[in-house]
Amino acid sequence: MSSALTDLCRYPIVQAPMAGGPSCPQLAAAVSEAGGLGFLAGGYRTADGIRDEIGQMRALTGQPFGVNLFMPQHNPADPAVLDAYGDRLAGEAACYETALGDPGTGGDDFYEDKLAVLLDTPVPVVSFTFGCPSRDTLDAFAAAGTYTVVTVTSPEEAQAAQWAGADAVCAQGTEAGGHRSTFEDDPATEDGGTGLLSLVTQVRETVQIPVVAAGGLMRGSQIAAVLAAGADAAQLGTAFLACPESGAHALHKQALTNPLFVRTTLTRAFSGRPARGLVNRFVREHGPYAPAAYPQVHHMTAVLRRAAARAGDAQGMALWAGQGHRMVRELPAGRLVRLLAEELDAARTAVSTRSTQ
């Protein structure tokens, strides 16, 4: 690991920021206390909400932690296309006895307000998803003593992040659960993404800044593999979803190992942006027809997803999960961090032993 990342956490283990509830202060604090790097998810939160969660974090731990922000999205969507998808979802709204959400709620996710909070009360790390901030923004965080990470899905995006002044990049392989963090969402050039080991190697050969690897990682031996491929640390999300400290819905936690949900897929069904989740009824019925319209579709379906959760219907929920979801372990977050670190050490020792035989 690079010295900067070593200063942030004892182990090269980062808990992914999972928006929508899972990455709560209790989970992030438990990870940081155990020697990993815990993250709060700023996406879909208000600026005041982030300020409150940072306060909770600081009451729970004195260890370093991070906050993730979504870059503003200003992608115009054809109203007729959105209306057509809304018509498709009318049956869902009737079933859950609710109305669809307003697709015009806004695409900036209170970005400027959140920047103001994080520059006014700096945290150790800030990461960015769905694009790269301006050099002025990254310079402002550097001046505040905040380490910055930009999530990327290609060597070209990694290079752009380095040029803009990011301290590190998080290389997200296609195996990752949740949203694909591409800078641009263009269905015409969509190819499903690059696998993590290949992506890490390509990014490592493209940039000189530290690389965090993310995508389907569930075991310490996999962490050893990405470190050997050139990563400085590994980021895990799905692995922490089932922890008791996680804020994920109980149905979401149960679905990770429920035999009813045997595979994941990339879908636009819930948000209008490609995201990997467990295949359920909603994905099967609406995924093929969902338009490339984020965050408009996200706002349309948010009410439906909440209603499905209240009704105890996992078939109508967004069950984000990486490809390794079947290997999830229901352990307290701190214990999981220590177990991953032990597995990492064992994998390194095994490789060293074999190389000397």
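Residues numbered from 1 in each chain as written. Predicted model: local features only at pLDDT ≥ 70, side-chain atom pairs only at ≥ 80, totals over all residues. Heavy atoms only, no water.

Draft legend 1. Spatial organisation of unusual backbone geometry. Cis geometry marks the peptide bond from Tyr294 to Pro295, where omega comes out at 10 degrees. Counting through the fold element by element, Pro295 comes out in the loop between α13 (281-286) and α14 (296-310). In this model, Tyr44 sits at a positive phi of 70 degrees, which is unusual for a non-glycine residue. Examined against the element boundaries, Tyr44 turns out to sit in the loop between β2 (38-41) and α3 (47-60). Classification of Tyr44 as partly exposed rests on a relative accessible area of 31%. In the Ramachandran plot, Phe110 falls in the positive-phi region, its phi being about 55 degrees despite a non-glycine side chain. For Phe110, the position within the fold is in the loop between α5 (90-95) and α6 (111-120). Taking relative accessible area as the criterion, Phe110 reaches 42% and is therefore assigned partly exposed. (Helix = DSSP H or I, 4+ residues; strand = E, 2+ residues; numbered from the N terminus. Buried < 20%, exposed > 50% of the residue type's maximum accessible area, 1.4 Å probe, protein only.)

Draft legend 2. Structural view of helix α7 (residues 135-143). Taken residue by residue, α7 has Thr137, Leu138 and Phe141 as its buried positions. Considered in projection along α7, the buried side chains sweep an arc of 95 degrees and stay on one side of the axis. Opposite its buried face, α7 presents the exposed residues Asp136 and Ala143, each directed more than 90 degrees away. Elements that come into contact with the buried residues of α7 comprise α6, β4 (125-129), β5 (147-152) and α8 (155-164). (Arc of directions from axis to C-beta. Contact = heavy atoms within 4.5 Å.)

Draft legend 3. View of the layout of surface pockets. Volume-wise, the second largest pocket comes out at about 380 Å³. Lining the second largest pocket we find 19 residues, and of these Arg180, Thr182, Thr189, Glu190 and Asp191 sit closest to its centre. No other element matches α8, which puts three residues into the lining of the second largest pocket. The residue makeup of the lining of the second largest pocket, split by class, is three nonpolar, eight polar and eight charged. (1 Å grid on protein atoms, 1.4 Å probe; cavity = no way out; pocket = protein on both sides within 12 Å on 5 of 7 lines; lining within 4 Å. Points joined across faces, edges and corners; volume = space filled by probe spheres on them. Nonpolar A, V, L, I, M, F, W, Y, C, P; charged D, E, K, R; others polar.)

Draft legend 4. Up close: the environment of Thr146. For Thr146, the position within the fold is in the loop between α7 and β5. C-alpha of Thr146 to C-alpha of Ala30: the two residues are 116 residues apart in sequence and 21 Å apart in space. With near-sequence residues (within four places) excluded, Thr146 lies in contact with Pro122, Val123, Pro124, Val125, Val126, Phe141 and Asp167. Polar contacts involving the side chain of Thr146 include one to the main-chain carbonyl oxygen of Val123, which spans 2.9 Å. (Polar contact = N/O pair within 3.5 Å; in protein donor to acceptor, adjacent residues only side chain to side chain.)

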